[in-house]
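Observations on the three-dimensional arrangement
Read off the chains here:
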Amino acid sequence: MDLSAVVLTVGGSVGVFRLVNNGLAKLPIPETARRNTWKWRNISTSFIHSLITGIWAVLCFCLHPEMAEDLISTHSSFSHALVSISIGYFIYDFFDMVLYQKLHQSWELLFHHMVVIMCFGTSVLTCHYVGFSVVALLVEINSIFLHLRQMLLMASLSKTTLYRLNSMVNLGTYMVFRISTLAWMTRWLVINRDNVPLLSYTMGSVGMAIMTAMNIVLFYRLLRSDFLKSSRETKKEKEK
């Protein structure tokens, strides 16, 4: 894919996700979520992105298994398009937060998005490490349940069976598709140190360190909110 095709794909992706966000404004919104309609539409758009890219990332390896053997130079146009479209989503979401959310509420995600855009951008422009980027997008499988959790909370459905079921699936997929995937990617980067240029290795190492730290903090927050807190509440009810 040449530069013009990359720019067109990324730009088209930005526009599509903007249209999706606008289209969600025309759909019914839970009454309790109407206090912050921007957040509801933003999370819903992120949910759609995760659903598409999470499945797409799995298909990339199913349809082109040889890519798993060489994450540096082997890739298909199918996987290249996935990474390009994801860049468009992160650009859209970056500016959506900049325009409609206060900086102190979004700086962590803004920083995350900048790192992802930089790393994915390098990948699609050089046509190297596309496979590595697709591995990174496997975390979107967990993001499906992570975003669904936020939507259920906004809809005041935190006491439902659906929420409890989603919490368990969310934690399980978090361990498999976030923690384990990041650990595997870090291991791969260390093992292939001699095959990766210094600049790319530095960017990858810094990016992995940031992502790992952010995901460990988020995992603790989820564990405390959905399991430790509910356990304490159950214990108190039994003591009454």
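Just so you know, these numbers come straight off a predicted model, no measurement behind them.

Observations concerning unusual backbone geometry
- With a phi angle near 65°, Tyr129 is a residue other than glycine that sits in the positive phi range.
- Mapped onto the fold, Tyr129 is located in the loop between helix H4 (103-126) and helix H5 (130-136).
- Tyr129 sits in the buried class, given a relative accessible area of 14%.
- At Ser156, a position not held by glycine, the phi torsion is positive, near 60°.
- Tracing the backbone shows Ser156 in the loop between helix H6 (140-154) and helix H7 (161-191).
- According to the relative accessible area criterion, Ser156 is partly exposed, its value standing at 45%.

Things to note about helix H1 (residues 3-24)
- In this model, H1 (22 residues) spans 32 Å end to end at C-alpha, consistent with the 32 Å of a helix rising 1.5 Å per residue.
- Taken as a whole, H1 has its buried residues at Val6, Val10, Ser13, Phe17, Asn21 and Leu24. One side of H1 carries all its buried residues, which in axial view fall inside an arc of 75°. Along H1, the residues that are exposed and aim more than 90 degrees away from the buried face are Ser4, Val7, Leu8 and Leu19.
- Buried residues belonging to H1 abut helix H2 (37-63), helix H3 (77-100) and H4.

Conventions we followed
Residues numbered from 1 in each chain as written. Predicted model: local features only at pLDDT ≥ 70, side-chain atom pairs only at ≥ 80, totals over all residues. Heavy atoms only, no water. Helix = DSSP H or I, 4+ residues; strand = E, 2+ residues; numbered from the N terminus. Buried < 20%, exposed > 50% of the residue type's maximum accessible area, 1.4 Å probe, protein only. Expected span 1.5 Å × (residues − 1). Arc of directions from axis to C-beta. Contact = heavy atoms within 4.5 Å.

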